[in-house]
Amino acid sequence: MHASSPPLALSATPHLLRRHQRTRPSALPWSALALTTLLTACGPSNTAPAGPAGGPPPAEVGVITVTPGDVGLTTELPGRLEASRVAQVRARATGILQKRLFAEGSEVKAGQTLFEIDAAPYQATFDSAQASLAKAEANLMQASAQAERYKPLAEAKAISQQEFVAAQAAQKQAQADVAVGKAAVQTARINLGHAAVTAPIAGRIGRALVTEGALVGQGEATPLALIQQTHPMYVNFTQSASEVMKLRQALDSGKLQRAGGGQAVSVRLVLEDGSEYARAGKLLFSDLTVDASSGQITLRAEVPNPDGTLLPGLYVRVRLEQAQASNAISLPQQAVTRSPQGDTVMVVGSDGKVKPRPIKIGGQRGNQWVILDGLQAGEQVMMDGFQKLRGDATVKPVPWQAPGAKPAVPASGSGR
């Protein structure tokens, strides 16, 4: 029984061999796929570049290269606009207002008729004065003729001296009556002219303060309208007396130079929406006295307003360049850290290390600080990337671009 077992095993071998030959070809692709995956995982595509000594690469930070030059010191102060000329239109004649001859809110010219008051009583008074003047002139003619006729008679002793003197006195009295009559006519003409109310100045007129049919000028000069000349405009603003004193001391010591070279100081206006008014103004004067309650000095500037964009009473911000600093540096405000201990910036050294540097601020120019001391030409001041700083690690400076600005070509040695 044991001797017959081997033939059974040999007889089953061809069947198993044929089954193995059918399954072997299908297993080869899975082995190749596993080998490919293993080689890919071990390839160079997953190897990241390392920094010095195998550490991470230095962090990139935006910097500005310091460039000294002449910089204007700009002060921004609150101000309020005011019309350069303001005139109240009042009724100087008493009577009933009959007509309004202008459109409210329009531009009017000096001498333009705005209102008409009932002129009938003033016309009658004028006519009466003219008649009285004519009567006085007639009396003067008669008295002058009689005085001329009496003159040769008095020289020939044909009449008494008393009669001649009486004739001369009548002539003088008639002359005085004529003068009184002329004055009465002039007064009546002026009152008649007041019945037509005219514009005292050119400018923009507001709403009418009275309507047709109202009695005006009874006992006082009734306000009828308001005219404001809005080209040019005045802007009144105040500055701290302490700031003015510091500025004068810096000018006297030579640290700063007077802006404009002795000419009128330029003034710019910033409107309520943050936009800058297109036309520049000029500083007219600064008050010589200090307000005892606020410690402020009042200043006034004149700004052109041909289009009527600026309106009286509007609050604005005034940018005033009062002085210039030579060999100074201007930096965006975000680069400067201000604290009670002083003002500092972060400077990137040639070794890539970042260190704080104390500076001295001399003023403001728009959204930039004017640096008077603490930095040298060519140094790199850090603008952004502060969150990337890690202890004393080195950084890679790259040119900083302001938000919204076009990318500049990187300087040599500072490209990405």
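Residues numbered from 1 in each chain as written. Predicted model: local features only at pLDDT ≥ 70, side-chain atom pairs only at ≥ 80, totals over all residues. Heavy atoms only, no water.

Colleague: Is there a simple way to explain the sheet that holds strand β3 (residues 95–100) in this structure?
Modeller: Remark on secondary structure: sheet strands pair via backbone hydrogen bonds, oriented parallel or antiparallel. Strand order in the open sheet made by the four strands is β6-β5-β3-β8, with antiparallel pairing throughout. Both edges of this open sheet fall to β6 (196–198) and β8 (215–216), since each of them pairs with a single strand only. Taken together, the two bridges between β3 and β8 define a ladder with antiparallel strand orientation. By the bridge assignment for β8, Gly95 is matched with Val216. (Pairing = 2+ DSSP bridges. Helix = DSSP H or I, 4+ residues; strand = E, 2+ residues; numbered from the N terminus.)

Colleague: Can you help me understand the environment of Gln334 in this one?
Modeller: Along the chain, Gln334 falls in the loop between β14 (315–332) and β15 (337–339). Through-space distance from the C-alpha of Gln334 to that of Trp369 is 9.4 Å; in sequence the pair is 35 residues apart. Residue contacts for Gln334: discarding those within four places in its chain leaves Met383 and Trp400. Among the polar contacts listed, one links the side chain of Gln334 to the backbone oxygen of Met383, at a separation of 3.1 Å. (Contact = heavy atoms within 4.5 Å. Polar contact = N/O pair within 3.5 Å; in protein donor to acceptor, adjacent residues only side chain to side chain.)

Colleague: Is there a simple way to think about the packing of helix α2 (residues 120–155) against helix α3 (residues 161–194) in this case?
Modeller: For any two helices packed against each other, one specifies the inter-axial angle together with the distance between the axes. Taken N-terminus to C-terminus, the directions of α2 and α3 make an angle of 160°; their axes are 7 Å apart at the nearest point. With respect to α3, the axis of α2 lies roughly antiparallel. Taken as a pair, α2 and α3 cross one another with a handedness that is left-handed. Along the lines of polarity and charge, the residues of the contact of α2 with α3 split into 19 nonpolar, 11 polar and six charged. (Axes fitted to C-alpha atoms, helices over the stretch in contact; angles between N-to-C directions. Parallel < 35°, antiparallel > 145°, perpendicular 65-115°, else oblique. Left-handed = near helix turned anticlockwise from the far one by under 90°. Nonpolar A, V, L, I, M, F, W, Y, C, P; charged D, E, K, R; others polar.)

Colleague: I tried to follow unusual backbone geometry on my own but got confused; where do I start?
Modeller: Trans peptide bonds make up the majority, and among non-glycine residues the majority have a negative phi. Cis geometry is adopted by the peptide bond preceding Pro232, which originates at His231 and carries an omega value of 0°. For Lys157, which is not glycine, the phi torsion reads 65° and is therefore positive. By secondary structure assignment, the location of Lys157 is in the loop between α2 and α3.

Colleague: Would you mind showing me how to read α2 here?
Modeller: Since there are 3.6 residues in each turn of an α-helix, residues three or four apart along the chain are aligned in direction. Between its terminal C-alpha atoms α2 stretches 53 Å, which fits the 52 Å expected from 36 residues at 1.5 Å a residue. Listing the buried residues of α2 in full gives Tyr122, Phe126, Ala129, Leu133, Ala136, Leu140, Ala143, Ser144, Ala147, Tyr150 and Ala154. Buried residues belonging to α2 abut α3. One or two steps after α2, the chain reaches Lys157, where phi turns positive at roughly 65°. (Expected span 1.5 Å × (residues − 1). Buried < 20%, exposed > 50% of the residue type's maximum accessible area, 1.4 Å probe, protein only.)

Colleague: How should the nonpolar core be read in this particular structure?
Modeller: Looking at soluble globular proteins, one finds that nonpolar side chains tend to be buried together. Grouped together as the largest cluster of nonpolar side chains are 22 residues, with contacts concentrated most on Val89, Leu114, Phe115, Ile117, Leu224 and Ile227. Within the residue set of this core, elements represented by two or more residues are β2 (69–91), β5 (113–117) and β9 (222–240). Apart from the residues within four sequence positions on either side, Leu224 is in contact with Val89, Arg90, Ala91, Phe115, Val197, Arg207, Ala208, Leu209, Val210 and Val216. With 18 residues, the next largest nonpolar core counts Val235, Val267, Tyr277 and Leu310 among its residues. (Core = buried A, V, L, I, M, F, W, Y, C linked by side-chain atoms within 4.5 Å.)

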